Amino acid sequence: MHRGSCLCGGVTFTISGDLPPIQVCHCGQCRRAQGTPFVTNIPLDESQVDWLSGVNLIQRYESSPGKYRCFCKTCGSPLFSQRTSLPGVLRLRVGTLQGHVKSKIGIHIYDASRANWWTAQDDAHAPRYEENGPAA
């Protein structure tokens, strides 16, 4: 089981089950939403997430049609995103997890949009896709 929270600790949760590989997205929209050179996501079934506190603090923002970015409205921490085209799936921001994360980078998507000032420093064996990859 993994535990996680936003920066202020208002939103807390646990994740049950194994974590799938981490998806790294380099698109410009993710960079702007996170303020970082990329975002790291773990796609989870909503049933794997047990919200312990702060569900009322989760704010949703529709950043493009059918895509919602969800964050803590107190501290602004990005928590996850959801797409109406993938019901029941949330893409958890890996940085919200506490302690050792039992998952590795599995894929890079929108690598053609990667920030020119950032050089890749992860496992060179993770596949890179110029645009959206399979099941991303």
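Please refer to the structure higher up on the page.
Along every chain, residues carry numbers that run from 1 in the direction the sequence is written. Reporting in this predicted model follows two pLDDT cut-offs: at least 70 for local features of residues, and 80 or more for side-chain atom pairs to be given and counted; totals over whole chains, interfaces and linings ignore these cut-offs and use all residues. The side-chain figures draw on all heavy atoms in the structure; neither hydrogens nor water molecules are used.

J.: Looking at this structure, I do not really get the overall build of the protein chain. What am I missing?
T.: Each helix is a run of H or I in the DSSP string that is no shorter than four residues. Each strand is a run of E no shorter than two, and both are numbered from the N terminus. On a plain count of helices and strands, the protein chain comes out with one helix and 10 strands. Here the radius of gyration uses the C-alpha set of atoms, whereas the globule reference equals 2.2 Å times the residue count to the power 0.38. Its C-alpha atoms give the protein chain a radius of gyration of 14 Å, within 12% of the compact-globule value 14 Å for 136 residues. Remark: exposure states derive from per-residue accessible area (1.4 Å probe, protein chains only) relative to the maximum for the residue type, with buried under 20%, exposed over 50%, and partly exposed in between. Counting every position in the protein chain, which comprises 136 residues, the buried fraction comes to 42%. Computed by Shrake-Rupley with a 1.4 Å probe, the accessible areas treat only the displayed protein chains as cover when residues are assessed. For the protein chain, the accessible area works out to roughly 7,400 Å², and carbon and sulfur atoms hold 52% of it. Note on charges: Lys and Arg go in the positive column, Asp and Glu in the negative column, and His and the chain ends are not counted at all. Note that the charge is assigned to NZ on lysines, CZ on arginines, CG on aspartates and CD on glutamates. Averaging the positions of the 14 positive and the 10 negative side-chain charges in the protein chain gives two centres separated by 7 Å.

J.: Looking at this structure, I do not really get the packing of aromatic side chains. What am I missing?
T.: Each aromatic ring pair is summarised here by two numbers: the centre-to-centre distance and the angle between the ring planes. Any pair of Phe, Tyr and Trp rings, taking the six-membered ring for Trp, is counted once the centres come within 6.5 Å. Such a pair is stacked with planes under 30 degrees apart, edge-to-face with planes over 60 apart, and tilted for the rest. On inspection of all chains with the given rule, the structure shows three aromatic pairs. What links up through ring pairs into an aromatic cluster is the set Phe-13, Trp-51 and Phe-80. A ring is scored as having a charge over it whenever the NZ atom of a lysine or the CZ atom of an arginine sits within 6 Å of its centre and within 35 degrees of its normal. Over the aromatic face of Tyr-68 sits the side chain of Arg-60, whose NZ or CZ is 4.0 Å from the ring centroid.

J.: Please explain the state of the cysteines as it appears in this structure.
T.: By definition, a disulfide links two cysteine residues through a covalent bond between their sulfur atoms. Two cysteine sulfurs form a disulfide in these notes if their separation is within 2.5 Å. Scanning all chains against the criterion turns up zero disulfides. Cys-27 supplies the cysteine sulfur nearest to Cys-25, a cysteine that is in no disulfide, at a spacing of 3.6 Å.

Purely geometric stuff here, so don't read any function into it on its own.
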